[in-house]
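Survey of secondary and tertiary structure
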Amino acid sequence: MTLNRRSFLFRSGLNAFGLAAALPFIHPAKAEAAAPSSKESARSCRPKDPLTALIDGNARFADAWQAKNKATDLNERAQVMSNLWLDHCFLPASVLEESQSPWASIISCADSRVAPEWIFDAAAGDLFVVRSAGNTPFDEGIASLEFGVEVLKTPLILVLGHSNCGAVRAARANHSLTPLFDQLIKPIQANLVPGDTLMSAIKTNAQATAEQLTTRSDVLANAVQAGQLQIKAGYFDIASGKVSIL
Ligand SMILES: [Zn+2]
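If you're wondering where the values come from, they're calculated on a predicted model, not measured in any experiment.

Rules and cut-offs
- Note that residues are indexed from 1 along each chain, following the sequence as it is written.
- The model is predicted, so local features are restricted to residues of pLDDT at least 70 and side-chain atom pairs to those at 80 or more, both for listing and for counting; the totals for chains, interfaces and linings are taken over all residues.
- Hydrogens are left out, water is left out, and the side-chain values use all remaining heavy atoms of the structure.
- Burial classes: relative accessible area under 20% of the type maximum marks a residue as buried, over 50% as exposed, and values in between as partly exposed (1.4 Å probe, protein chains only).
- Going along the chain from the N terminus, every DSSP run of H or I of four or more residues is numbered as a helix, and every run of E of two or more is numbered as a strand.
- Pairing between strands requires that DSSP locate at least two bridges from one strand to the other.
- The distinction between a cavity and a pocket rests on a 1 Å grid over the protein atoms alone: a 1.4 Å probe fits inside a cavity but cannot get out, while a pocket stays open yet meets protein on both sides within 12 Å along at least five of seven lines, and a residue with an atom within 4 Å of a point counts as lining.
- Grid points are joined across faces, edges and corners, and a volume is the space filled by probe spheres set on the points.
- As a working rule, the residues Ala, Val, Leu, Ile, Met, Phe, Trp, Tyr, Cys and Pro are called nonpolar, Asp, Glu, Lys and Arg charged, and the rest polar, with Gly in that last group.
- Shown as donors are all N, O and S atoms within 2.8 Å of a metal ion, widened to 3.2 Å for Na, K and Ca; because water is not in the atom set, sites may appear incomplete.
- Residues enter a nonpolar core if they are buried and are Ala, Val, Leu, Ile, Met, Phe, Trp, Tyr or Cys, with the set joined through side-chain atoms within 4.5 Å.
- When checking whether two residues touch, look at their non-hydrogen atoms; a contact exists if any pair is within 4.5 Å.
- Here, a salt bridge means any Lys or Arg side-chain nitrogen found within 4 Å of an Asp or Glu carboxyl oxygen.
- Lines fitted to C-alpha atoms define the axes here, with helix axes fitted over just the stretch in contact, and angles between the N-to-C directions of these axes take values from 0 to 180 degrees.
- Take the residue count of a helix, subtract one, and multiply by 1.5 Å to get its expected span.
- Every residue is assigned a pLDDT by the predictor, reflecting its confidence on a scale from 0 to 100.

1. Comments concerning the pairing of strand S1 (residues 104-108)
Of all the five residues making up S1, five are buried; the element is thus mostly covered by neighbouring parts of the structure. Side chains Ala-104, Ile-106 and Ser-108 project from S1 onto one buried face, and the interleaved Ser-105 and Ile-107 project onto a second face that is buried too. Relative to strand S2 (residues 127-131), S1 is paired through five bridges, and the arrangement is parallel. Its bridge partner lying in S2, Ala-104 is registered against Leu-127. Note: S1 against strand S3 (residues 156-162), four bridges, orientation parallel. Of the residues in S3, the one forming a bridge with Ile-106 is Leu-158.

2. Looking at empty space enclosed by the protein
The tally for this structure, following the rule as stated, stands at two cavities of 30 Å³ or more. By volume, the second largest cavity is sized at about 30 Å³. As for the second largest cavity, its lining consists of Asn-135, Thr-136, Pro-137, Pro-187, Ile-188, Asn-191, Asn-205, Thr-209 and Gln-212. For the lining of the second largest cavity, the secondary-structure elements that each account for two or more residues are helix H8 (179-190) and helix H9 (198-216). Of the residues that constitute the lining of the second largest cavity, the class distribution is three nonpolar, six polar and no charged.

3. Remarks on the coordination of the zinc ion
Protein-derived coordination of the zinc ion comes from Cys-109 (SG), His-162 (NE2) and Cys-165 (SG), at a distance range of 2.1 to 2.3 Å. Here the donor residues of the zinc ion are spaced in sequence according to C-x52-H-x2-C. In this pair, Cys-109 is assigned in the loop between S1 and helix H5 (116-119) and His-162 in strand S3, connecting sequence segments 53 residues apart. His-162 shares its class with Cys-109; the two are buried.

4. Focus on the nonpolar core
Membership of the largest hydrophobic core comes to 23 residues, with the highest contact counts inside it found for Leu-54, Ile-106, Ile-119, Phe-120, Leu-127, Leu-160 and Phe-236. Contributing elements (two or more residues each) for this core: helix H2 (50-70), helix H3 (74-81), S1 and S3. Considering every element that reaches this core, the biggest residue donor is H2, with six residues. For Leu-127, the contacting residues outside a window of four places in its chain are Leu-54, Pro-102, Trp-103, Ala-104, Ile-106, Pro-116, Glu-117, Phe-120 and Ala-122. Residues Val-149, Ile-157, Val-159 and Leu-229 belong to the second largest nonpolar core, which totals 15 residues.

5. Side note on the pattern of salt bridges
Any two side chains of opposite charge can pair, given that their charged atoms come close. The full count for this structure, using the stated rule, is three salt bridges. Arg-60 is paired through a salt bridge with Asp-121; the nearest N and O atoms lie 2.5 Å apart. Of the two residues, Arg-60 is situated in helix H2 and Asp-121 in the loop between H5 and S2; the sequence distance between them amounts to 61 residues. For the pair Arg-60 and Asp-121, one class covers both residues: buried. As a salt-bridge pair, Asp-139 and Arg-216 come within 3.1 Å of each other at their nearest N and O atoms. Here Arg-216 lies in helix H9 and Asp-139 lies in helix H6 (residues 139-150), a separation of 77 residues in the sequence.

6. Let's talk about the sheet that holds S2
The strand order across the open sheet built from five strands is S2-S1-S3-S4-S5, with neighbouring strands paired in mixed fashion. The open sheet has two free edges, formed respectively by S2 and strand S5 (242-245), since each of these has just one partner strand. Each neighbouring strand pair of the sheet contributes to a mean axis angle of 25°, computed without reference to strand direction. Each of S1, S2 and S3 is contacted by H6, which is oriented at about 170° to S2, the strand it contacts most.

7. Some points on H6
When the terminal C-alpha atoms of H6 are compared, their 16 Å separation across twelve residues agrees well with the 16 Å that a helix rising 1.5 Å per residue should span. Elements that come into contact with the buried residues of H6 comprise S1, S2, S3, H9 and helix H10 (218-225).

8. Section: the confidence of the model for the protein
Averaged over every residue, the pLDDT of the protein is 83; residues scoring 70 or more account for 82%. Counting interchain partners and residues more than four positions distant, the pLDDT-below-50 stretch residues 1-34 has 53 contacts. In this model residues 36-40 is a low-confidence stretch, pLDDT under 50, and it forms seven contacts with partners more than four residues away in sequence or in other chains.

9. A short note on the environment of Met-199
Within the fold, Met-199 resides in helix H9. Residue classification places Met-199 among the partly exposed positions, given a relative accessible area of 42%. Taking the C-alpha atoms as reference, Met-199 lies 6.5 Å from Ser-163; in sequence the two are 36 residues apart.

Next comes the structure, spelled out in structure tokens:
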């Protein structure tokens, strides 16, 4: 089903409830980055430009997130948030059951406010996600990313820090919690720069992590060298809903 037809049907359904008028029109050109390439069948939603697709998806989320915060009642909030996923390629469950073709890998914090599919307006089958407090890539996490690149041919890895990260705050304060948690914050502490603010430390940690991926994994390094993979770092601001690429 094409975007326009999907949007039309969705809006037709909303019209029955008198809601569609509240939804902004989405120009088809805006959805170009998220649309499957012509070479791929309906078995994949892989966009031509994964980084642009992530940025566009986050822009849709941030718009809805900010509008939701201004909404005065439940109906208004529902109308604003229902705009998400309109501008998106969906795969049927029968396809997803058999295979996956994620077009971006994300390393994010385990923080409950930083759900990647949510903040990038993505659906099942889109994102290959590794999460741990402080978005630290432990060996198992890097092995997962290697699987994503080697087997699933994921062309992009984004290491995503976020505002007010408790793990980075704990690392800065050298806050001991449990023996395993102490191990978790050690790699973050290694990335800290004296005198940095919390926000700077979070960004530095994400950037350092992105850089370390290729030094710790030959698979990832080779994929970057071959032009098959790009690795980026980003920062998610919870208040605005916006992700900035660092
Ligand atoms: Zn965090």
